[in-house]
Amino acid sequence: MTQPGTALVIGGGIAGPVAAMALQKAGIQATVYEAHPRSAEGIGVFLTLAPNGIDALRTIDADGPALAAGFPTPRITLRSTTGKPLGTAPAGLPLADGTTSHTLKRADLYAAIHQQARARGVVVQHGKRLIDVQQTDTGVRARFADGSQATGAVLVGADGIRSRVRGLIDPGAPAPATSGWSTSAATPAACTWMASRVTTP
Ligand SMILES: Cc1cc2nc3c(=O)[nH]c(=O)nc-3n(C[C@H](O)[C@H](O)[C@H](O)COP(=O)(O)OP(=O)(O)OC[C@H]3O[C@@H](n4cnc5c(N)ncnc54)[C@H](O)[C@@H]3O)c2cc1C
């Protein structure tokens, strides 16, 4: 029997715990199910949190630690591989109070979000790779690769770019594909990362 007012959130990266905190604020108890057996603390390089992302965190009172871990990035300059400046563009419109995009380590964002989720009583279960979902009379049943199951009134997919949830809802959905472009970014912390740019067709 599914408990009314419960949600299953699939994916314990960035969006999953944030969705669980937002659901909790709306009176819905959410549990996060993450495929990896361990936390991703310390993993990843830099990313930029745009003003709309900061605004979303602010809505659930979770923006403070993320902003504190980053530095303002109002503009982004693109350079060629020889270092020649190609152009500068604003990194999103600032919020009403002037807050701009912030660049921070993915690991610091992850730690800030997960710490807050934990403090609010959100449970993240590791080693739970979703493989299938069934709709029931009272909600939804999730099946995981370790043989376990969980039920809830609703299921939220926060399982990243190769989302299993998306594929289960719409088997015909286009899969992400690599465009062949790559980017590198240098930050004041002198950290460089390379990433393949991924696009959906
Ligand atoms: C370990 C890691 C490091 C990253 N580092 C960087 C970085 O340095 N710079 C950058 O720009 N972006 C990085 N990214 C991507 C970036 O975090 C996301 O693109 C962005 O933050 C969106 O977050 P998200 O929560 O939607 O997806 P993600 O952060 O990708 O999180 C999705 C989560 O869902 C889990 N998951 C996937 N499939 C299943 C399943 N079937 N069942 C249960 N759980 C599942 C994944 O293990 C992952 O933890 C990283 C992602 C990961 C997972």
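Read on for an overview of the structure.

Definitions and limits used
- Residues numbered from 1 in each chain as written.
- Predicted model: local features only at pLDDT ≥ 70, side-chain atom pairs only at ≥ 80, totals over all residues.
- Helix = DSSP H or I, 4+ residues; strand = E, 2+ residues; numbered from the N terminus.
- Buried ≥ 20, exposed ≤ 12 C-beta atoms within 10 Å, placed from the backbone.
- Contact = placed C-beta atoms within 7 Å.
- Pairing = 2+ DSSP bridges.
- Near = placed C-beta within 6 Å.
- Nonpolar A, V, L, I, M, F, W, Y, C, P; charged D, E, K, R; others polar.

What about the overall build of the protein chain?
Along its length, the protein chain carries 5 helices and 14 strands. Here the protein chain holds 201 residues, and the buried ones make up 25% of them. Long-range pairs, those at least 24 residues apart, make up 61% of the contacts in the protein chain with a sequence separation of at least 6.

Examining the pairing of strand E9 (residues 130–135)
Relative to strand E10 (residues 140–144), E9 runs antiparallel, the two sharing 5 bridges. The partner of leucine 130 across the bridge, within E10, is phenylalanine 144. Following E9, the chain reverses through 4 residues before pairing antiparallel with E10.

Considerations on the site of the ligand
By nearness alone, 25 residues border the ligand, and Gly11, Gly13, Ala15, Gly44 and Gly160 come closest of all. Broken down by secondary-structure element, the contributors of at least two residues to the shell around the ligand are helix H1 (15–25) and strand E3 (46–49). Taken together, the residues of the shell around the ligand break down into 12 nonpolar, 7 polar and 6 charged.

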